[in-house]
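Chain by chain, the residues:
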Amino acid sequence: MTDFKRELHSYAYPAAYQKRVAYFSMEFAIEQYLKMYSGGLGFLAGSHMRSAHHLKQNMVGIGIYWKYGYYDQVHKSDQTMDVLFLEKIYSFLQKTDIRFEVTINHNPVQVGVLYLAPHVFNTIPIFFLTTDLPENDYLAQTITHKLYDTNQEAKIAASILLGAGGHKLLEILELAPDVYHLNEAHALPLAFSLFHKYKKVEEVRKRLVFTTHTSEAAGNEKTDIRLLDKMGYFIYLPLDEVRHITGIKEETFDHTLAALRLARKANAVSRMHGEVVQTLWGGHPEICPITYITNAQSYAYWADQYLYDALQQGDDEKLFLRKRQLKKQLLEVVADQTGDLLDENVFTIVWARRFAAYKRADLIMEDMARYERMITDPDKPVQVIWAGKPYPTDYTAVSVFDRLVHHSKKYHHCSVLVGYELKLSKLLKQGADLWLSNPLVTHEASGTSGMSAAMNGAVLLSTADGWVPEFVRHGSNGFMVPTVDPTLPWHEQNRVDATNIMDTLQHDILPLYYNQQEKWLSIIKNSMQDIMPYFDSDRMAQEYYEKLYNA
C-alpha cells in the first residue's frame, strides 16, 4: 500500500499552516471532467482545495466517489430538460487497495478508496470513498451512486459514510488531523465517531470546526431522530447520550444546530450571511462562536489571463478585442445547443446558476410587457442566455426552466442552455456582458458566480445579498439595486426587485453600453481590478487558518 502519510504533500508547510486539517465535503468541483459536484458548494470546495495547495497548507480532503455524479442535464425532444444518470469513469484517480468496514442500518458495509493526487489538478490530496464494490449487496452499493439521492435513507447512509467512514480512513492512514472541518453538516456523523473515540464532548469540540453555507430550510436539514438512530448516524451511541451532548430533546434532529453545538467554532460565508446566521441561531443556548469568512473563487482557475494581461498593459483595444473573441466562443456554443445565432455586437445578459425558487431565474419577466419591449427594442437591442441545473426532483424549478425554454422559442435572441457545469460556467462568464444575479435578499448566503464572472470581464447586476454588498460600488465596478424590505410577501419583493432591475438596465446600463463605451469599459476594468485580491480563494484559504483552524 502507498505510504500516504509520507507522500501526502511534496512541500514543506509554512509556519502559519502547520496544523493538519481534514476537510470533509459531500461535493468537490475540481475540474469539468471530475463530476463530483452539483453546484455552488462544490465550486467553493474546488477553489479552496486549489488555493490550499498553492499556499502549501497541511490539508487533506475527504469526499465520496459518486458513480453517476449528480446528473447529466440533457434535452428532451421538445428542448425541455431531462435527467440522465450516466456512469462516470476516471482513469486519473488512483485505485488504492485500502478496504475497511462501516456499519449502516446495523449491516456491515465494505468501503473502498480512490485517491486524487495533488499533481493531477494542483489541489491538496483528496480521498474519495466508495461502496460500489462487489463485496456489497446492491443496496449498499447504491449509497455512492447518486449525489444528493432523493431517497432519505440513501442520503443518511451517505452522511454516515462520509463522516464515520472518513474518520476511519484517517485512522487507518495514521494521519491524525489537528482539525476536522465540516463543509456543511453532511458529514456530522464524524462528530459522533470522534465522541465514540474520546468519550468527552470537550475533546470533540477541541478538534471540530463547521461552515454553514445556507439560510434556506432545505439546506439546514431536520430528520426524525429515531430514523437516524436506526441507521447508525450516531454510531449507535445511546439516544439519551446523543440528546445530552447535542442538547436536542425534540423528536426531530436539527443537523445544523447539532453541528453548532459540537464544534468549537463555526463560520458563515459572507458578512451579511454572518448577520443572518446570528439571527437564525444566536438565540439557541450552548452554540459555538460564529464568525464569517467570505467565500471566494480561484483566480488561477477562473480568470482569463489574456484579459488581465491587457488590463495590466493598459491596452483597452486589446481588452475589448479579447472580450469580443470570448463572446464569439460562447455564442458558438449557444448556436450548437439551440440553433440561435446570437449577435456579438448585441448587449448580452447571462443568468446562470442552480435553478431554485429564491434565485428567481425568471424575475426580469415579472412585468412581461416591459420585458418584451426591452428585448425587442431596435435601438438598444438585448439578448438573454439562461443556464443552470435544478435539483432533478424540484419540479417547480424544472417547470421554470422549461417555461424559459418555451419562451426562447418565441424569441430567437433568448436562449436556454443545458449542462451548466464548470466548463459551460466559464464560457458563460467569459462571454457575458452582464452577469445577472437576483436572489431574494437574505436567502443567498454568499453566491460566488459573480466573482468569477468579474474575473472574466462580465459586469455584475445584483440584488444586495450575500457577498455583493462587500464588493459593488454602484455605477463604478458593477450595479446593485436598492434593498427591498425582506419582511414583505415574496410576490411584493419580486415586484419591487424586478422594477428596480429593469430601471437599472434601461436607464443606466444600456445607455452606457451603447452610448458611452469608454465609461462601460472603465466599469469592466474596475470590476476586474476590484475583485482581486480579496475575492480570490487564496485570501479565503488563508483566513480559514487564521480565523478557524488556528483560532
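About the thresholds
- Residues numbered from 1 in each chain as written.
- Predicted model: local features only at pLDDT ≥ 70, side-chain atom pairs only at ≥ 80, totals over all residues.
- Heavy atoms only, no water.
- Helix = DSSP H or I, 4+ residues; strand = E, 2+ residues; numbered from the N terminus.
- Buried < 20%, exposed > 50% of the residue type's maximum accessible area, 1.4 Å probe, protein only.
- Contact = heavy atoms within 4.5 Å.
- Pairing = 2+ DSSP bridges.
- Axes fitted to C-alpha atoms, helices over the stretch in contact; angles between N-to-C directions.
- Parallel < 35°, antiparallel > 145°, perpendicular 65-115°, else oblique.
- Left-handed = near helix turned anticlockwise from the far one by under 90°.
- Nonpolar A, V, L, I, M, F, W, Y, C, P; charged D, E, K, R; others polar.
- Salt bridge = Lys/Arg side-chain N within 4 Å of Asp/Glu carboxyl O.
- Core = buried A, V, L, I, M, F, W, Y, C linked by side-chain atoms within 4.5 Å.
- Phe/Tyr/Trp six-rings, centres within 6.5 Å; stacked < 30°, edge-to-face > 60°.
- Lys NZ or Arg CZ within 6 Å of the ring centre and 35° of its normal.

> Lay out the side chain of Gln-430 in plain terms, naming residues and giving numbers.
The residue Gln-430 is located in helix α17 (residues 422-431) in this model. Relative accessible area serves as the criterion here: at 9%, Gln-430 is assigned to the buried category. With residues near it in sequence (within four places) discarded, Gln-430 still touches Asp-304, Lys-323, Leu-326, Lys-327 and Asn-456.

> If you had to explain the sheet that holds strand β19 (residues 479-480) to someone new, which residues and values would you point to?
Taken together, six strands build an open sheet; the order of strands is β16-β15-β14-β17-β18-β19 and the sheet is parallel. A strand with exactly one partner marks an edge of an open sheet, and here the two such strands are β16 (414-417) and β19. As defined by bridge partners, strand β14 (residues 347-352) adjoins strand β17 (residues 434-437) across two bridges and the pair is classed as parallel. By the bridge assignment, Ile-349 is partnered in β17 with Leu-434. Relative to strand β18 (residues 459-462), helix α20 (residues 517-530) is tilted by about 85°, and along the sheet it contacts β14, β17, β18 and β19.

> Which residues make up the packing of helix α15 (residues 368-375) against helix α19 (residues 490-515), and what values do they have?
A pair of packed helices can be characterised by two numbers: the angle between their axes and the separation between those axes. Two elements in contact, α15 and α19, have axes whose closest approach is 11 Å; the angle formed by their N-to-C orientations is 20°. The orientation of α15 relative to α19 falls into the category roughly parallel. In the crossing of α15 with α19, the sense of the turn from one axis to the other is left-handed. Seen from α15, the contacting residues are Arg-370, Tyr-371 and Met-374; seen from α19, they are Thr-499, Met-502, Asp-503, Leu-505, Gln-506, His-507 and Leu-510. Looking at the contact of α15 with α19, its residues break down into five nonpolar, three polar and two charged.

> Any details on the pattern of salt bridges? Residues and values, ideally.
All told, the structure shown has 26 salt bridges when counted by the stated rule. Note that Arg-370 and Asp-503 form a salt bridge whose closest N and O atoms lie 2.6 Å from each other. You can see Arg-370 sitting in helix α15 and its partner Asp-503 sitting in helix α19, a full 133 residues away along the chain. Overall, Arg-370 belongs to the buried group, its relative accessible area being 14%. Accessibility expressed as a relative area gives 24% for Asp-503, which makes it partly exposed. Across the salt bridge formed by Lys-389 and Glu-421, the nearest N and O atoms sit 3.0 Å from each other.

> Quick rundown of the environment of Met-502? Include the residues and the values.
The topology assignment puts Met-502 in helix α19. The exposure class assigned to Met-502 is buried, which follows from its relative accessible area of 3%. Here the alpha-carbon distance between Met-502 and Val-481, two residues 21 residues apart in the chain, equals 9.8 Å.

> Explain the nonpolar core residue by residue, including any values.
Among the nonpolar cores identified, the biggest contains 193 residues, and Phe-253, Trp-386, Leu-428 and Trp-520 are the most heavily contacted of them. Top element by residues in this core is helix α5 (residues 152-173). It accounts for 10 residues. Non-local contacts of Trp-520, meaning those with residues more than four positions away in its chain, are made with Phe-347, Asp-433, Leu-434, Val-459, Phe-479, Ile-509, Leu-512 and Tyr-513.

> I'd like to hear about the packing of aromatic side chains, residue by residue, with values.
Per the stated rule, a full pass over the model turns up 36 aromatic pairs. Ring plane angle 90° and centroid distance 6.1 Å describe the contact between Phe-28 and Phe-128, whose orientation is recorded as edge-to-face. Taken together, the positions of Phe-28 in the loop between β1 (21-24) and α2 (40-54) and Phe-128 in strand β7 (residues 126-130) put the pair 100 residues apart, joining distant regions of the chain. Under the relative-accessibility criterion, Phe-28 is labelled buried at 1%. Measuring from centroid to centroid gives 5.8 Å for Phe-471 and Phe-535, while their planes differ by 85°, and the two rings are edge-to-face. Here Phe-471, found in the loop between β18 and β19, pairs with Phe-535, found in the loop between α20 and α21 (537-549); they are 64 residues apart in sequence, far enough to count as distant. Accessibility assignment for this pair places Phe-471 and Phe-535 in one class, buried. Its guanidinium or amino end placed over the ring of Trp-302, Lys-429 lies 4.1 Å from that ring's centre, counting from NZ or CZ.

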